[in-house]
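Descriptive analysis of the structure
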Amino acid sequence: MPHNSDAVLLESVSTHRRRLRQAFLLGRLADRRQVNDNVKRLIGSIVLAAVAGVGCLGYSFVTTTLAKQAAATAATSSPFPAPTTNGTPATNGTPAANRTPTTIYTPGSTPGGDSTRAPEGK
């Protein structure tokens, strides 16, 4: 029996210390159980959700803007020249009927399109 009373005394002391610590940190028991605590938590949660949403939106905006800038930079610094028609740059506003066609020269043909030589291999 002496061991049982010691255990009860130790448990009583630990419970008393826990209650004193909670009272010191959180205030009186009547003050701790108010509706304001839940309202504060609700407002805090709404503010936290708004900050997280704005953070995601800002991240998306920045990454999209950087991707557009990278695409624009890649398009302007292309290693291939812009397409030309007879030495003049092609314009998107010129109708196709007004553009002069490009001539493709093949081996064995002349700039006029008439071949003066007989085809080879026959």
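All residue numbers refer to positions counted from 1 along the written sequence of the respective chain. Given that this is a predicted model, residues contribute local features only at a pLDDT of at least 70 and side-chain atom pairs are listed and counted only at 80 or more, while totals for whole chains, interfaces and linings are drawn from all residues. Side-chain metrics rest on all non-hydrogen atoms present in the structure, leaving aside hydrogens and water.

A few points about the overall build of the protein
As a reminder, the rule being used: A helix here means a DSSP run of H or I that spans at least four residues, while a strand means a run of E at least two residues long, and both kinds are numbered starting from the N terminus. Accessible area is worked out with a 1.4 Å probe on protein chains only. A residue is then buried under 20% of its type maximum, exposed over 50%, and partly exposed in between. Surface accessibility follows the Shrake-Rupley procedure with a 1.4 Å probe radius. Residue values consider only the protein chains on display as shielding.
Helix and strand counts for the protein stand at three helices and two strands. Each helix (α) and strand (β) of the protein, taken in turn from the N terminus, gives the series α-α-α-β-β. In the protein, buried positions account for 2% of the 122 residues. Of the roughly 11300 Å² of accessible surface on the protein, a fraction of 64% belongs to carbon and sulfur atoms.

Focus on the confidence of the model for the protein
The condition is simple: pLDDT is defined as a per-residue confidence score from the predictor, taking values between 0 and 100.
Within the protein, residue pLDDT values average 76, and 54% of them lie at 70 or more. The weakest mean pLDDT in the protein belongs to strand S2 (residues 88–89) at 55; the strongest belongs to helix H3 (residues 35–76) at 91.

Observations regarding a nonpolar patch on the surface
The condition that has to hold: Surface patches are defined over residues having more than 30% relative accessible area and no salt bridge, joining like charges when they lie within 9 Å and nonpolar side chains (Val, Leu, Ile, Met, Phe, Trp, Tyr) when within 5 Å. Between Lys or Arg on one side and Asp or Glu on the other, a salt bridge is scored when a side-chain nitrogen of the former is within 4 Å of a carboxyl oxygen of the latter.
A contiguous nonpolar patch, built from Val-39, Ile-43, Val-47 and Val-51 and spanning about 340 Å² of accessible area, is present on the exposed surface. Following the sequence through the fold, Ile-43 ends up in helix H3. Looking at Ile-43, the relative accessible area reads 47%, which means it is partly exposed.

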